[in-house]
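Fold and geometry: a report
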Amino acid sequence: MGKLDISIPEVSIREIRLGSITGYQGSAKGLVNESGCGGLKNRDRKFQQCAGCSISKAACMVTLIQDAAVIIHGPVGCASCLHEFNFTYYVNAKSRRGIDNPTQRKIFSTNLKETDTVYGGARKLAKAIREVNERTNASAIFVLSSCASAIIGDDIESVANEAEEEIGKPVVAIFCEGFRSTVWTTGFDAGYHGIVRKLVKPPVHKDNGLINIINFWGSDVFTEWFKPFGVKPNLITPYSTVEGLSHASEATATVQICPTLGSYLGAALEQEYGVPEIRTAAPYGIIQTDRWFRELGKLLHKEDIAEQIIKEKKEKYLPKIEELRKRLKGVRAYVTAGSAHGHALLNIVGDLGMEAVGASVFHHDPTYDGGDGAADLLERRVRDYGDVPNYNVCAKQEFEFVNVLNRIRPDILLARHGGITLWAAKLGIPSLLVEDEQANMGYEGLISYGEKIVETLENTEFIENLSKHASNPYTEWWMNEQPDTFLKEAKTEVI
Amino acid sequence: MGAEIIEQERFTCALGAMQTVVAIPKALPILHSGPGCGDMVSGFFQRSKGYAGGSTTPCSNFSEKEVVFGGVNRLRELVDNSYKILNSDLQVIFTGCTAGIVGDDVQSVAEEFRDQGKPIVYVESPGFKSNNYVSHSVVVNAIIDQYVSQYEDESTFRSQKNTVNVFASIPYQDMFWRGNLDEYKRLLEAIGLKVNILFGDKSEGVREWQSIPKANFNILVSPWYGKDIVDHLKDVYGQPYVQYPNIPIGANETEKFLNKVIAFAIEQGADINEVEAKRFIKRESDAYYAQLEDLATFLLEFRYGLPNHAHIIHDAGYVLGISKFLINETGVIPKEQFIVDDTPEKYQEEIAKELQSISKKREVPVFFSPDAGKAQNKIREITHKGKGIIIGAGWDKQIAREKNYDFISAAIPTDYRLVMRTGYVGFTGGLRLIEDIYSNTLSKFA
């Protein structure tokens, strides 16, 4: 990966920037090896099911900014699922972020019609921005592109810039139309690209004692962890304010809870404003937790505090972890997640003494924007705990997943994203969905996650009953074919 | 009007009518669209996977390459492999914005497979073309023209005098569609008709669709959406239709609805035992009022605050149906009403007139706009004496809280209510709505 180009309106997509892929079947070690030598090639599919959209990924990072308004410049369908973020915002505001009076999310569609695809939608967009400005008290307005507005060639950047001058507050164009990238997490990058270009300001005071945490909306475990070091977390971008984000450049350091999410923003803040990133992956599993605290200590020049914390945590938590290991030894676990969180779960599986019998992740980034191999969780996972067989990069392809799961029949499915646990249940396999990713970090997280696994393994009556009555639209033929039957030969995509 | 911005949309784009196919047992939607379209639709409707919707639905997942070079070959490969991987009785290809603008010839692909004997249909459904209220009719008509037509035999058109096709709830867009369709079927069968309900697990799937031409007439329960279907069936099979403009909720409306259907059926030569049918209605109505009477003391005397007026933010069929129900069967007065289904202008006057017919004593102001955010701002500005109730989508919970009003989640999208088989149609539906309204009020005390 080269230097990030913040000067241009459109973010460079992951396939080009990082060489990311959405099709692979083999082992984790094989994938790490191919990634390492720069020769990772994608395998396209002859059959596909509905994938994901960059819009919703970009939208979740901007809709949840406390005082933002969001306009989806497209037909009404392109904003369809965003009501879910309004719900998310309310639910987690109080319970996890201490916001007592969460406000309604401001989500608009320019409602592009057939005539707009003929005559262009730029004027409609300009009018929409004015209207949204009048209707809301938003401190910044985000404009997200769609497939339709992109193909008809609306100049969203110019409209946004002109509006920004007119209304005197940031109007941020974000290019996240679905067809641009097969890796829909490019939408995160697109959102951050806009935030770094338009909202983050050059630092006035450097090293302000805050650590940027690039995250979703999980529990805040960091405030407690950071106390001994004398620093505080700045959780971004959900629940940030526009003003707060403008100071992200002044932070002492940046931590990503997941490089699938935070790769671009972490690297951009370092590149543009010299905010250093912690050079190791997030603290999932014991080995990685120790590494993470040590890196944090090194960066803050408080190595002794890091060692002290590690020592205390081991004394306090290892006996309980040992108990869990006894209980879970030999349990065959299958993991499914977006990408990096899958690697994190595989660490936990390794630490709890379980056997990782396979994994399905949506895409794979052979490298990250920070350009440091130490952030590569999968490489570390293979090194720390050994290889994972049946490692499948599947772009949310349910048919492959069902086929594999039916073959492997693990004792438990550990999932990060919705929709997949249903198939485990249909096959009578217990499953556990991680909703609060931060709650699984560190020694504490290992225990709480381990306890949930134990509970899940014991609670099987419901799925046993459900599996007896489950329907299956997949043909018998397909259930007996090899899972990679519809993967084409590997080749480098020419775009 | 329809071209303005929309805040807090209450419907989705044309492609959202893939749920119309999901609602037909063992039917398979196939998307020729961008990678996120299906995800957006799932996120909008929630819990809407059915047999092969959601992440099971095949999709060509347009990338830059297909945008530049066209995606017809990719679609052909996708459809071909769909037959190997998924079992289905009917396939419907939907086009998204990408395929629509690029101009892929999807018709030819569908015809290639149809020539091989496959039960496959295509629909042009780019999101910019219309919304799912409109597109629902487009999908149904496409299935009639491209699939049902293969089972036609002109000599059997309208041959079953007591059979009717019912077009009422739009599956999934009406969150109570399962329960509502159940009740329509139960009521209409009780008055002596045989009902093609067409959607949901109480229908017989494609077999039922094949028999559409044999029905004597059609029933449309809607002020406007779905009208294109019954108009089309009139053209192709000569089937007349009877239209009821709103969802019949509670005794008054259900009696009127059934009586209208009975009169129409007899007029069309159906063999209906009118005495039996009327006896059924009376029995149901008596039972309904016996319960209402039991409740009346509560409605009249409860001294800790019941809602006395309502704002409904919903589609035209519900706004009419709930308003009529509330005023006559609970005493709650419908105040400003908001119809957010993007009603075409040509139907608006008629709907507004129908709403005024509910009371000789008062005017009910009604606003037509899909911009529900604007509707909420209007409600913020309005004050009426007493406690109000807002009946709308999940979004409206927050405005209800701001105003300290009661709130019933009865429209999508909603994150605050789970509906399995509940319906608001009919006698039972009316009682259920009463339960929902007043249980909600009571649950807030202590």
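For the structure, check the block above.
Now for a quick tour of the structure. (Residues numbered from 1 in each chain as written. Chains lettered and ligands numbered in written order. Predicted model: local features only at pLDDT ≥ 70, side-chain atom pairs only at ≥ 80, totals over all residues. Heavy atoms only, no water.)

1. Notes on the sheet that holds strand β6 (residues 210–214) of chain A
Residue and element names in this part refer to chain A. Strand order in the open sheet formed by 3 strands is β7-β6-β8, with parallel pairing between adjacent strands. Because the sheet does not close on itself, it has two edges, and the strands there are β7 (232–236) and β8 (253–256). On average, adjacent strands in this sheet sit at an angle of 30° to one another, irrespective of strand direction. Here β6 runs beside β7; their pairing, made up of 5 bridges, is parallel. Among the inter-strand pairings, I211 is bridged to a residue of β7, identified as P233. (Pairing = 2+ DSSP bridges. Helix = DSSP H or I, 4+ residues; strand = E, 2+ residues; numbered from the N terminus. Axes fitted to C-alpha atoms, helices over the stretch in contact; angles between N-to-C directions.)

2. Considerations on helix α15 (residues 340–351) of chain A
Residue and element names in this part refer to chain A. With 12 residues, α15 extends 17 Å from end C-alpha to end C-alpha; this agrees with the ideal 16 Å at 1.5 Å per step. Summarising burial for α15: 11 of the 12 residues are buried, a large majority. Among all positions of α15, only A340, H341, G342, H343, A344, L345, L346, N347, I348, V349 and D351 are buried. At the exit of α15 stands G353, carrying a positive phi of roughly 80°. (Expected span 1.5 Å × (residues − 1). Buried < 20%, exposed > 50% of the residue type's maximum accessible area, 1.4 Å probe, protein only.)

3. Looking at the interface of chain B and chain A
One widely used convention gives an interface's size as the accessible area the parts lose upon coming together. The interface is formed by 64 residues belonging to chain B together with 64 residues belonging to chain A. Overall, the association of chain B and chain A removes approximately 5,600 Å² of surface from exposure, summing both partners, and the carbon and sulfur fraction of that is 57%. For chain B, the biggest contributors to the area lost against chain A are I5, M40 and I85 of chain B; these three give 14% of the whole. Our enumeration of links across chain B and chain A arrives at 10 salt bridges. Of the charged contacts in the structure, one is a salt bridge between R135 of chain A and E7 of chain B, with a shortest N-O distance of 2.9 Å. Counting across the interface, chain B meets chain A through 35 residue pairs in polar contact (both at pLDDT 80 or more). When contributions to the side of chain B that touches chain A are tallied by element, the ones reaching two or more residues are β1 (6–7), α2 (37–45), α3 (64–69), α4 (72–85), α5 (97–102), α15 (372–381) and α16 (396–403) of chain B. Ranked by residue count, the leading element in the side of chain B that touches chain A is α4 of chain B, at 8 residues. (Contact = heavy atoms within 4.5 Å. Buried area = accessible area lost by both parts, 1.4 Å probe. Salt bridge = Lys/Arg side-chain N within 4 Å of Asp/Glu carboxyl O. Polar contact = N/O pair within 3.5 Å; in protein donor to acceptor, adjacent residues only side chain to side chain.)

4. Focus on the pattern of salt bridges
A complete count under the given rule lists 64 salt bridges over all chains for this structure. Residue R135 of chain A pairs with D371 of chain B through a salt bridge whose shortest N-O separation is 2.6 Å. Here R135 of chain A is found in helix α6 (residues 122–135), whereas its partner D371 of chain B is found in the loop between β12 (366–368) and α15 on a different chain. Judged on exposure class, the residue R135 of chain A and its partner D371 of chain B are both buried. For K227 of chain B, the salt bridge is made with D231 of chain B, and the minimal N-O distance between the two is 3.2 Å. With K227 of chain B and D231 of chain B both in helix α10 (residues 227–237), this residue pair falls 4 residues apart, about one helical turn. When its relative accessible area of 18% is taken as the criterion, K227 of chain B is described as buried. What makes D231 of chain B partly exposed here is its relative accessible area of 28%.

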